[in-house]
Number of protein chains: 4
Amino acid sequence: MHETLGFIGLGNMGQPIAANLLRAGYRLRVYNRTAAKAGPLVAQGATLVSHPSETAERGGIVLTMVANDQALEEVCLRPPALPEMLGPGGIHVSMSTISPMTARKLAEQHARHKVAYLAAPVFGRPEAAAARRLWICLSGQQSAKQRVQPILAAVSQGIFDFGEDPGAANVVKLCGNFLIAAAIEALAEALTLAQKCGLDRKQVAEMLGQTLFACPVYQGYGKQIAENSYEPPGFRLSLGLKDIDLVLQTAATGPMPMPLASLLRDRWLAAVANGRENLDWSAAALGVAEDAGIRVRAASSEV
Amino acid sequence: MHETLGFIGLGNMGQPIAANLLRAGYRLRVYNRTAAKAGPLVAQGATLVSHPSETAERGGIVLTMVANDQALEEVCLRPPALPEMLGPGGIHVSMSTISPMTARKLAEQHARHKVAYLAAPVFGRPEAAAARRLWICLSGQQSAKQRVQPILAAVSQGIFDFGEDPGAANVVKLCGNFLIAAAIEALAEALTLAQKCGLDRKQVAEMLGQTLFACPVYQGYGKQIAENSYEPPGFRLSLGLKDIDLVLQTAATGPMPMPLASLLRDRWLAAVANGRENLDWSAAALGVAEDAGIRVRAASSEV
Amino acid sequence: MHETLGFIGLGNMGQPIAANLLRAGYRLRVYNRTAAKAGPLVAQGATLVSHPSETAERGGIVLTMVANDQALEEVCLRPPALPEMLGPGGIHVSMSTISPMTARKLAEQHARHKVAYLAAPVFGRPEAAAARRLWICLSGQQSAKQRVQPILAAVSQGIFDFGEDPGAANVVKLCGNFLIAAAIEALAEALTLAQKCGLDRKQVAEMLGQTLFACPVYQGYGKQIAENSYEPPGFRLSLGLKDIDLVLQTAATGPMPMPLASLLRDRWLAAVANGRENLDWSAAALGVAEDAGIRVRAASSEV
Amino acid sequence: MHETLGFIGLGNMGQPIAANLLRAGYRLRVYNRTAAKAGPLVAQGATLVSHPSETAERGGIVLTMVANDQALEEVCLRPPALPEMLGPGGIHVSMSTISPMTARKLAEQHARHKVAYLAAPVFGRPEAAAARRLWICLSGQQSAKQRVQPILAAVSQGIFDFGEDPGAANVVKLCGNFLIAAAIEALAEALTLAQKCGLDRKQVAEMLGQTLFACPVYQGYGKQIAENSYEPPGFRLSLGLKDIDLVLQTAATGPMPMPLASLLRDRWLAAVANGRENLDWSAAALGVAEDAGIRVRAASSEV
């Protein structure tokens, strides 16, 4: 029997990851702001606790998967503070998409309690999490990374180690999300150009996804954008904007300009200003069509 | 034994395509502005002629692969004009990357001589052409497309039919090149961000190319940009700028704005203004690094 | 009594300029593609001719004010060609907004007939032309500039000499129009920001126009944009897009990127794609509002 | 004799404003983080205190002119808190360039102590402040605005009232600084275009500043940019970037995109990344020249 882990954050991503840990033989103490969401995991054997720090045991391991920087800071700072409860030898595996600056700040806070803070953000949507097909970027203290290796292996198809800087893995995660957003904008412009020239958006998307861009990002988003199908959201547009903002904030610390990221931010901001914050983030493509004089009736998923 | 074809344009792309046609059993009458380049093909059995139209026979098939719109117009208009020499039943298979507007104009010219003009631009670098691993986008008159099918199959790994509009296949080709240029800019910004944050460019590029973006465009350009290795050019930067210009000219006929294409045009123009026109087109990435305060000594391939 | 001049192009700008020349004592032979527009000038004493070159006399002076590069090339090339009819000692004063490349090409054509081609583009709207309050940028052959000085003085409030390059004055004209378009975009973004923050657009525009930006461009366009009043057009949006295109084409010969000009081109293209080509060119501001989620009912001028 | 006022922040702008208040007959209690800077004012009769709140008297008036949002929050929150010391009937006249969000938050804090927080940001450089030629944007509680009217009149050439929202005047200030930055970028692109086409930058700048753009912003920055003269800084480039960031943060609350502001942010970020943070903010123009392949040796002011 494996050890008992803490797990905080049972949203779309946290739930399937926690479920896979249970399946792999770990015992879990789980916490979620909305306790009701813990139901399915409790049914599978998890113990529900009522304060983030109650997920911890001295020298143990806690994983977190929460919405943003602020939520994670609340989890770590709300007294009695999580790092204090973990204490010497403890490890906090932070899987959320946050800024490297926040990660480094929290790592310092944890170090004061002799707790290792590991950045372990993931690539993959909820379905991928359920299927243990996440990719994990990992960075932080070397020995702590070794200790959590089997845990992360139980929920992913691959782990990439980016060294000891606790912010490094977050940088890679932000780079990845930036590249996806850039591909969305590029596909939207290309497919709208094809449409304006009289071609069929779907046929062009399929050809490109079968040849030059035979990878899931282009195949999946190419199809969604070609069909203007943005519901239900796989990743909410407002969260996408949050990530683009994190990219630009991180770049500002460089300092360096990222003009393509700026363009993306403006595109996503316009989408939010026009009421699209709850569609899939690829719905930013609707703005490209409108600038071309095309009014789209987005395909509904309820048909 | 197969029929005799005309082939005009023996540059980096035309040479291996023509060689594959010879290998497949076709006889070729070839023309190139610089006749000396025909040497290897003549050695393999091709007949060299001294005027574009001499490649044609009545009702026959001529393939062209030239540098740009202007070069193709010269080939088609220089008296005695190619379509006139081809005459009724003839087919011109135009493989160059040109604008759909030029393609449509030439198709009309050809139609006056009862010649079918087919757009058949290709995706793939010279190595891919040599290995018969090109992708071909095809559009134009239905019966002509059927007739050239075996010819194109002999030089490619796949043919995609975009209908009867003689400009349609060119639109798809431009969409594809635009997407590649967008990926170059996105990779350059992402890898420079990683570098400014203390990460190793190559490691980040490899991770992304093995996971989210496991396709040749991201793997190949990711490696080049991570290593700042831009020589020898696989595709010259000045030609890349030409293609981005074609994208924007085509979009203007929509009309529609393509802000990402505009950003790319500015990036490539700055590269030309700074003397990089003969590097590989991914050398546009150097501008991203410089805007971040990084002076790069581009890796030489001769080491 | 002054000499007889030729005058070609009797549009919104040409008419009041020609009228001022008549008023100043010059005799005019006028030509316009749509002859009917010459009526008022004929009533004031001008002679209407039926071919551009009939406006010319040997060694004389012809002024042109036409819509674009193509129209001017037609005027100069349609046989019998205007420069040929002007002959040695003749002067062509070209007041249209065209590219410096076209100007230089035409200057060479004229030189072959020993005719001086002068670039003399103007700043000012039709009302300014009527009030002799145009600003003229002038460039070309020195002695020719001296000879036309009193003619240009009769229709303007100031002449700026930019040397002997026949394209130079056009560059300055394009710089000026680019700066105006940039001010329109900047005002649109600023006033929309003010509105989104709960302020009154007009009050903000007035404050800025009375203090930091106490000049006609900001005062006039600030008021139009604050009130969303874009009819009747002082300068049609489609012509504005043409000028932005000329700016970018000229910059490409540098070569140099102009990212702000690219942004403007995209904004104006979106306006045309959305059916605004016949509004005043400051109606590009409507796109800024829409990206902010504001649907504007443009103020009608007919109230 | 006028009443005694508090004055906090004796930098480049605060010093001349405070001096003018003394000259107008007000008595001042002054505070500055670096006390030494108070020397000249003390020599003119001001009283130096050692804590921000000591500038206040019950029901009195305190003016602040500090570097940024954070500095102002420190001034207002450091115990004993300034609003508490001012107490019922007191007024805080906040002249710094800060975000409207911070202004509104501070206004609420002040209201809890029955103190009126007025936003009163100014337009004008130090020379203008010394010459009492500032423009003031004012917003906040009506009766408080009436009471401070003579005080503000003593240091400015004009006051513009934007209503009761304590953030409103800050929005206008940010709009103004955004328009100036936009004019800098536009001038840089235009003058570099002129230079690439063989014209003299200075002559073009002068022509435009005498005609279409006969206002101080274009005349002053036109001359600086034409001459590449960026030292000593009138307004430091790093502060300019801070203001552009405030513009974009404010727009994000709209929400609305401001693509021109994004472009400016990227331009200024590149300038900081290349070591130009202490030059005048118009030195962002150097990036335009470099993208055009021009290496500029900036004119030194020490000649």
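These lines cover the structure that appears in this document, whether it is placed above or below.

Below, the discussion takes up the relation of the copies chain B and chain D. Mapping chain B onto chain D calls for a rotation angle of 180° and an axial translation of 0.0 Å; the resulting RMSD is 0.1 Å. These values place the two chain copies in the arrangement generated by a two-fold rotation axis. Proximity to the rotation axis, assessed at the C-alpha, singles out Asp291 of chain B in chain B; its C-alpha lies 4.7 Å from the axis. The fraction of interface residues of chain B whose copies in chain D are also interface residues reaches 100%, indicating that both copies meet through the same surface.

Attention shifts here to the interface of chain D and chain C. With 49 residues of chain D at the interface, the matching set in chain C holds 49 residues. Mapped by element, the contributors of at least two residues to the side of chain D that touches chain C are strand E9 (156-161), helix H8 (168-196), helix H9 (201-210), helix H11 (237-253) and helix H12 (259-273) of chain D.

Right, let's talk about the relation of the copies chain D and chain C for a bit. Rotating chain D by 180° and moving it 0.0 Å along the rotation axis overlays it on chain C with an RMSD of 0.1 Å. A share of 100% of the interface residues of chain D reappears at the interface of chain C, consistent with the copies meeting face to face through the same patch.

This paragraph deals with the nonpolar core. Residues Val172 of chain B, Val172 of chain C together with Val172 of chain D are the most contacted members of the largest nonpolar core, which totals 472 residues. Contact partners of Val172 of chain D, with chain neighbours within four places excluded, come to Ala194, Leu199, Val204 and Met207 of chain C together with Cys137 and Phe162 of chain D.

So, on to the environment of Tyr117 of chain A. Along the chain, Tyr117 of chain A turns up in strand E6 (residues 116-119). For the pair formed by Tyr117 of chain A and Glu3 of chain A, sequence separation is 114 residues and the distance between their alpha carbons is 19 Å.

With that settled, consider the interface of chain B and chain D. Each side of the interface is counted separately: chain B has six residues, and chain D has six residues. Per-class residue counts for the side of chain B that touches chain D are three nonpolar, two polar and one charged.

Turning to the packing of helix H8 (residues 168-196) of chain C against H8 of chain D, a few remarks are in order. Close contact between H8 of chain C and H8 of chain D brings their axes to 9 Å; oriented N to C, the two are set at 160°. With respect to each other, H8 of chain C and H8 of chain D are oriented roughly antiparallel. The hand of the H8 of chain C/H8 of chain D crossing is right-handed. When H8 of chain C is examined against H8 of chain D, the residues Val171, Val172, Cys175, Phe178, Leu179, Ala182, Ala186, Ala190, Leu193 and Ala194 of chain C are found in contact with a partner set consisting of Val171, Val172, Cys175, Phe178, Leu179, Ala182, Ala186, Ala190, Leu193 and Ala194 of chain D. Looking at the contact of H8 of chain C with H8 of chain D residue by residue, the classes come out as 20 nonpolar, no polar and no charged.

Residue and element names in this part refer to chain C. Of the positions making up helix H1 (residues 14-23), those classed as buried are Gly14, Gln15, Pro16, Ile17, Ala18 and Leu21. On its buried face, H1 is in contact with strand E1 (4-8), strand E2 (27-31), helix H2 (39-43), helix H6 (126-130) and helix H7 (142-153). Positive phi appears at Gly25, one or two residues downstream of H1, with a value of about 105°.

Okay, the sheet that holds strand E6 (residues 116-119) of chain D next. All names here are of chain D. Across the sheet, six strands lie side by side as E3-E2-E1-E4-E5-E6; this open sheet has parallel pairing. In the strand order of this sheet, the two ends are held by strand E3 (47-48) and E6, each with one partner. With four bridges connecting them, strand E5 (residues 91-94) and E6 associate as parallel partners. From the neighbouring strand, His92 faces E6, where its bridge partner is Tyr117. Helix H5 (residues 100-111) rests against E5 and E6 of the sheet, and its axis sits at about 160° to E6.

Here the focus is the sheet that holds strand E7 (residues 122-123) of chain B. As a general point, the strands of a sheet are linked pairwise by backbone hydrogen bonds and lie either parallel or antiparallel. Residue and element names in this part refer to chain B. As summarised here, the arrangement of the three strands in space is E7-E8-E9, forming an open sheet in which the pairing is mixed. This sheet does not close on itself; its edge strands, each paired only once, are E7 and strand E9 (156-161). Pairing analysis gives two bridges linking E7 to strand E8 (residues 134-138), with the strands arranged antiparallel. Considered in E8, the bridge of Val122 is made with Ile136. The strands that helix H7 (residues 142-153) touches are E8 and E9; relative to E9, the one it contacts most, it runs at about 155°.

Turning our eyes to something else, we now look at the packing of helix H9 (residues 201-210) of chain A against helix H10 (residues 216-227) of chain A. Residues and elements named next belong to chain A. Between H9 and H10, the shortest axis-to-axis distance is 9 Å and the interhelical angle comes to 175°. When the axis of H9 is compared with that of H10, the two are roughly antiparallel. Across from Arg201, Lys202, Ala205, Leu208 and Gly209 in H9, the residues of H10 making contact are Tyr218, Gln219, Gly222, Lys223, Ala226 and Glu227. Counted by class, the contact of H9 with H10 contains four nonpolar, three polar and four charged residues.

Residue and element names in this part refer to chain A. Within strand E1 (residues 4-8), four of the five residues are buried, which leaves it mostly tucked inside the rest of the structure. Relative to strand E2 (residues 27-31), E1 is paired through five bridges, and the arrangement is parallel. Its bridge partner lying in E2, Gly6 is registered against Arg29. Crossover E1 to E2 through helix H1 (residues 14-23) is right-handed.

This part takes up the pairing of E5 of chain D. Residues and elements named next belong to chain D. Side-chain alternation along E5 places Ile91 and Val93 on one buried face and His92 and Ser94 on a second face that is also buried. Alignment of strand E4 (residues 61-64) against E5, held across four bridges, turns out to be parallel. Opposite Leu63, over in E5, you have Val93 as the bridge partner. In this region the chain leaves E5, passes through H5 and returns to the parallel neighbour E6; the handedness of that crossover is right-handed.

Cut-offs used in this document
- In this numbering scheme, every chain counts its residues from 1 along its sequence in written order.
- Going through the entries in the order they are written, you letter the chains from A and number the ligands from 1.
- Thresholds applied to this predicted model are a pLDDT of at least 70 for local features of residues and 80 or more for the giving and counting of side-chain atom pairs; totals over whole chains, interfaces and linings are not thresholded and use all residues.
- Only residues with pLDDT of at least 70 in both copies contribute their C-alpha atoms to the least-squares superposition of the copies.
- Two residues form a contact once the distance between their C-beta atoms, set from the backbone, is within 7 Å.
- Only DSSP runs of H or I reaching four residues or more are called helices, and only runs of E reaching two or more are called strands; each is numbered from the N terminus.
- Think of a nonpolar core as buried Ala, Val, Leu, Ile, Met, Phe, Trp, Tyr and Cys residues, each tied to the set through C-beta atoms within 7 Å.
- Here a residue counts as buried when 20 or more other C-beta atoms fall within 10 Å of its C-beta, as exposed when 12 or fewer do, and as partly exposed in between; the C-beta atoms come from the backbone.
- The nonpolar class holds Ala, Val, Leu, Ile, Met, Phe, Trp, Tyr, Cys and Pro. Asp, Glu, Lys and Arg form the charged class, and all remaining residues, Gly among them, are polar.
- Angles here are taken between N-to-C directions and fall from 0 to 180 degrees, while the axes themselves are lines fitted to C-alpha atoms, restricted in helices to the stretch in contact.
- Working rule for angles: under 35 degrees goes down as roughly parallel, over 145 as roughly antiparallel, 65 to 115 as roughly perpendicular, anything else as oblique.
- In this scheme the handedness of a crossing depends on how the near helix is turned from the far one: anticlockwise by less than a right angle means left-handed, clockwise means right-handed.
- Between any two strands, pairing holds if DSSP finds at least two bridges.
- When the strands point away from the viewer, a crossover counts as right-handed if the route from the first strand across the helix to the second turns clockwise.

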